[in-house]
Amino acid sequence: WGPGRAAAGATGAAGAAGAAGAGGVGGGQRRRPEYVPGQISDPGYVRIFDTTLRDGEQSPGATLTSQEKLAIARQLAKMGVDIIEAGFPIASRDDFAAVSQIARLVGNETDEHGWTPVICGLSRTKFDDIDRAWEAVKEARNPRVHTFIATSEIHMQQKLRMTPDEVVASAVKAVEHIRGLGCSDIEFSPEDAGRSDPVFLYRILAEVIKAGATTLNIPDTTGWNMPSEFGALIAKIRDNTPGADGVVISTHCQNDLGLSTANSLAGAVGGARQLECTINGIGERAGNASLEEIVMAIKLRGEDQLGGLWTGIETTHIAPTSRMVSEFSGMVVQPHKAIVGANAFAHESGIHQDGMLKSKDTYEIMSPETIGLVRQDDAGIVLGKHSGRHAVRTRLEEMGYPLEGTALDSIFERFKDLADKKKGGVVDSDLEALVTEGRGNEGAVWEVLDAQIVCGTMGLPTATVKMRGPDMVPRVASAVGTGPVDAATKAVDSIVGLPAELTDYRVNGVTEGIDALAQTRIVIAPLQDSEATMTSQGRRRLQEYSGVGSHSDIVVSSTRAYVSALNKLINALKLRQEAERSAAAEEEEAAGVPAPAAN
Ligand code: KIV
C-alpha cells in the first residue's frame, strides 16, 4: 500500500506532516478536528463509525435490550467513537425507543474534551423509514440519517426488481426528503457497492451529492472484494464522482472472506476518511470489520505505513468495551481473536516465554495496557477473604470498571461470599463474572434470595426458590421439572407470573478448580406480548432477552441468569407501555382533547 491520499473534504496538505507517533491516538494528545458533516479539517484524521448496535445486533443469535444498547452507546462515547449508528428505527417499536433514548441522552452528553458523538439512524429509501429514523435521532446534538439502496445488478434485478434509473430516482428523492426534514448530516450507501458497476456508482453518487448527501458510504456488503480491489474502488470513486471532493467517503466491509479489516484499511489508503466497524467484529453472517483491529492497526502503523492516518479513539477502553459487548450480545469472542481474544497476550511455548521474560517487545507488538488490560501479577495485589473494599475497588478500576456507591457495595458483598469459598483467591475472571451479573440488570425488579434444588436419578428434580419483588415482600415457591434448571425456572415462573421460553442456555466455568465460579447465560423469548423485529436485510426475528448469573453452584447461577433475563423483559414491557401512553397523549393533544386535570 502506498501513502494515504488526501481526505475527502479536507483542507491543507495530505500526509503525515506533523502527525504524532503511535501514542497520538486519542488520549487527548492530538486535538480531534471539530465535527462538520462532510468535512474534516485534518487530512489524516479518520472518523470511526461504530455500527455494533445496528449491523452488530443483526448477528444471528445476538440480542440486546434497550438498557444494554444505552450502556454500550455510553461506553462507545467514552471510547471516543465519532459516529454511533444506534439502530434501524423502523424495525420495531423497541428499536425506535432505543435509538431515541440514545439520541436524547448519549447524543447530548459531552466528554471532558468537549466531544459529543454523532447519533445515526438507518433507513431504506422509503419515506416511512426515513421519517422514523429522523424522529428517533433528531434530539441528538449532532443527528445523522443514513439511507441505503442496492446498486449491484443482482440486487437491483432480483431483490428490488427496479431499473437503474428507478434506483437513482429513489436514492435522490430519499436524500431530498431527509434534507426537507431539516437534517443536514446525510449518509448514503449504495448497498453491495463491492459488486456494483463502478460507472453506475459514479452516477448515483454524483446525484445524491447534488441532492445533499454529506457522507458516501461504500459497502462491500458480501465481503467479496480483495484489499487492492477495494482500495482502488475507493480511489476511483474519489477521482471520478463529480462533487466527491466536498464529501467524506466511508467504508463498510463485511468479513465473508476474512478481509474486512484489510479492506477497510485499503479503503482508508484509497481516500476514505470514515471507517464503519463493530466491536469484536460482530455483524451479519461472518461479521463486520472489527473496531479494535482497525483502530490498533492505525495506531501502530498509521504513521509509517498508512500515510499518517490517526483516529480519536482512546484505546484503553477497548478491552472493557469488548467484554461488555460480548456479555450483552452473547457473542463469545474466539480465544485467538486479534487484540481482544483471551490468548492475544498469552505466551505458551518455552521459547516465547523465555523471550518475554527477557523483553516483552520480543513477542508483543503492543502492550496489553494499551487496550486497557492490566496483568494481574503486575498489579501486585492478590484478592482473598481478607481483602477490603478499597483493594477490590482499585482492582476493578484497573480492569476498566470504575464502580462506586451501591454498585460497588453489591459487588463487594458477593466478592466476600466468593472469597470465603475460594481457597486459591479471587482472580480477575471471577471479579469480571460478578460485574457482568450486575450489569444490564440495573433497575432489577425481582431478586433471587435463596434457591434449593434436589436432583439426581432418584425422584423428580425439585426446586424451591425464595424471591423478592418490587413490593419487597419475600415469596417462596416450589416446582418439579424435567431437570434441575427446568424445575428452578418453573418455580420462578410461579412467583413472577410472566412465563417465557428458554431459547438458549450456556454455562461456562469462569476459573479453574473445583471451587470455580460458574457463569450461566440464558436467552428467553416471552410467551406473551412478543414483538418481531426486522433487520435491514429484511430478516424477521423475535425480540429476545438475555441474562447472566454466576455462582459456584450451576443451578443457582442458572436461576439468577433466568431472573435477570425476566427483569430485562419486564423493564422492556414497561418502557413500551410508557412509549405507548405518551404517543396516545400526543395524539389526543393533537386532536384537541384536553389533558386530565392534575390533582
Ligand atoms: O452491509 C451493508 O451493505 C449495510 C448497509 C446498510 C450499509 O449494512
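Description of the structure in this document. Bear in mind the structure is a predicted one, so any value in this text is a computation, not a measurement.

## A short note on the pattern of salt bridges
- This structure, assessed with the given rule, holds 27 salt bridges.
- Measuring nitrogen to oxygen at the nearest pair gives 3.7 Å for the salt bridge that ties Asp42 to Arg30. Within this pair, whereas Asp42 is found in the segment before strand 1 (47-50), its partner Arg30 is found in the segment before strand 1, the two being separated by twelve residues in sequence. Residues Asp42 and Arg30 agree in their burial class; the two are buried.
- Here Asp256 and Arg285 are joined by a salt bridge, their closest N and O atoms 2.8 Å apart. Of the two residues, Asp256 sits in the loop between strand 7 (248-253) and helix 8 (260-269) while Arg285 sits in the loop between strand 8 (274-277) and helix 9 (291-301), which places them 29 residues apart along the sequence.
- Overall, the relative accessible area of 42% leaves Arg285 in the partly exposed class.

## So, the sheet that holds strand 8
- If you walk around this closed barrel you meet the eight strands as 1-2-3-4-5-6-7-8, and the pairing is parallel. Adjacent strand axes in the sheet meet at a mean angle of 25°, parallel and antiparallel pairs treated alike.
- One ladder, built from six bridges, connects strand 6 (residues 215-220) with strand 7; its direction is parallel. Across the sheet, residue Ile218 finds its bridge partner in strand 7, namely Thr251.
- Helix 2 (residues 93-104) rests against strand 2 (83-87) and strand 3 (118-124) of the sheet, and its axis sits at about 150° to strand 2.

## Observations concerning unusual backbone geometry
- A positive phi is found at Asn280, a non-glycine position, where the angle reads about 65°.
- Structurally, Asn280 is set in the loop between strand 8 and helix 9.

## Overview of helix 10 (residues 318-329)
- Over its twelve residues, helix 10 runs 16 Å from end to end, which matches the ideal 16 Å to within 8%, given 1.5 Å per residue.
- In terms of burial, helix 10 is a largely internal element, twelve of the twelve residues being buried.
- Where helix 10 is concerned, the buried positions are Ile318, Ala319, Pro320, Thr321, Ser322, Arg323, Met324, Val325, Ser326, Glu327, Phe328 and Ser329.
- Where helix 10 ends, the next residue or the one after it, Gly330, has phi of about 75°, a positive value.

## Observations concerning the site of the ligand
- Neighbouring residues of the ligand: Arg54, Asp55, His146, Phe148, Ser189, Glu191, Asn217, Pro219, Thr221, His252 and Gln254.
- Notes on the ligand: free accessible area 260 Å², of which the protein chains cover 100%.
- Mapping the ligand onto the cavity grids shows that it belongs to the largest cavity.
- Residue composition of the shell around the ligand, grouped by class: two nonpolar, six polar and three charged.

## Details of empty space enclosed by the protein
- Going through the model one piece at a time under the given rule, you end up with seven cavities of 30 Å³ or more.
- Taken as a whole, the largest cavity spans an internal volume of roughly 150 Å³.
- In this structure, the largest cavity is lined by 14 residues; those nearest its centre are Arg54, Phe148, Glu191, His252 and Gln537.
- Mapped by element, the contributors of at least two residues to the lining of the largest cavity are strand 4 (143-150), strand 5 (186-191) and strand 6.
- Counted by class, the lining of the largest cavity contains three nonpolar, eight polar and three charged residues.
- In this structure, the second largest cavity encloses a volume near 90 Å³.
- Around the second largest cavity, the lining comprises 13 residues; the ones closest to its centre are Thr65, Ser66, Asp94, Asp95 and Ala572.
- When residues of the lining of the second largest cavity are traced back to their parent elements, those giving at least two are helix 1 (66-79), helix 2 and helix 17 (554-590).
- Element by element, the count of residues in the lining of the second largest cavity is highest for helix 2, at four residues.

## Focus: a negative patch on the surface
- A contiguous patch of negative charge, built from Glu586, Glu587, Glu588 and Glu589, is present on the exposed surface.
- By the secondary structure assignment, Glu587 is in helix 17.
- Accessibility expressed as a relative area gives 60% for Glu587, which makes it exposed.

Quick notes on the rules
- For every chain, the first residue of the written sequence is number 1, and numbering continues from 1 along that sequence.
- Thresholds applied to this predicted model are a pLDDT of at least 70 for local features of residues and 80 or more for the giving and counting of side-chain atom pairs; totals over whole chains, interfaces and linings are not thresholded and use all residues.
- Values shown for side chains rest on all heavy atoms present in the structure; no hydrogens or waters enter the calculation.
- Salt bridges are counted wherever a side-chain nitrogen of Lys or Arg sits within 4 Å of a carboxyl oxygen of Asp or Glu.
- Secondary structure counts use DSSP, requiring at least four H or I residues in a row for a helix and at least two E residues in a row for a strand, with both numbered from the N terminus.
- Remark: exposure states derive from per-residue accessible area (1.4 Å probe, protein chains only) relative to the maximum for the residue type, with buried under 20%, exposed over 50%, and partly exposed in between.
- Should DSSP find at least two bridges between two strands, the strands are taken to pair.
- Note on method: axes are straight lines fitted to C-alpha atoms, helices fitted across the in-contact stretch only, with angles between N-to-C directions ranging 0 to 180 degrees.
- Any pair of residues with heavy atoms lying within 4.5 Å of one another is described as a contacting pair.
- Expected helix span is given by 1.5 Å per residue-to-residue step, counting one fewer step than there are residues.
- Any residue with a heavy atom positioned within 4 Å of a molecule or strand is treated as near that molecule or strand.
- Exposure was quantified through the Shrake-Rupley algorithm and a 1.4 Å probe, taking into account, for residues, occlusion by the shown protein chains and nothing else.
- Using a 1 Å grid laid over the protein atoms alone, points where a 1.4 Å probe fits but cannot get out form a cavity; open sets with protein on both sides within 12 Å along at least 5 of 7 lines form a pocket; any residue with an atom within 4 Å of a point counts as lining.
- More than half of a molecule's atoms lying within 2 Å of a cavity's or pocket's grid points is what places that molecule inside it.
- Here the term charged refers only to Asp, Glu, Lys and Arg, the term nonpolar to Ala, Val, Leu, Ile, Met, Phe, Trp, Tyr, Cys and Pro, and the term polar to all other amino acids, Gly among them.
- Grid points are joined across faces, edges and corners, and a volume is the space filled by probe spheres set on the points.
- Like-charged residues are merged into a patch within 9 Å and nonpolar side chains (Val, Leu, Ile, Met, Phe, Trp, Tyr) within 5 Å, provided each residue has over 30% relative accessible area and no salt bridge.
- Only four residue types enter the tally: Lys and Arg on the positive side, Asp and Glu on the negative side; His and the chain ends are excluded.
- Charge positions come from single atoms, namely NZ of Lys, CZ of Arg, CG of Asp or CD of Glu.

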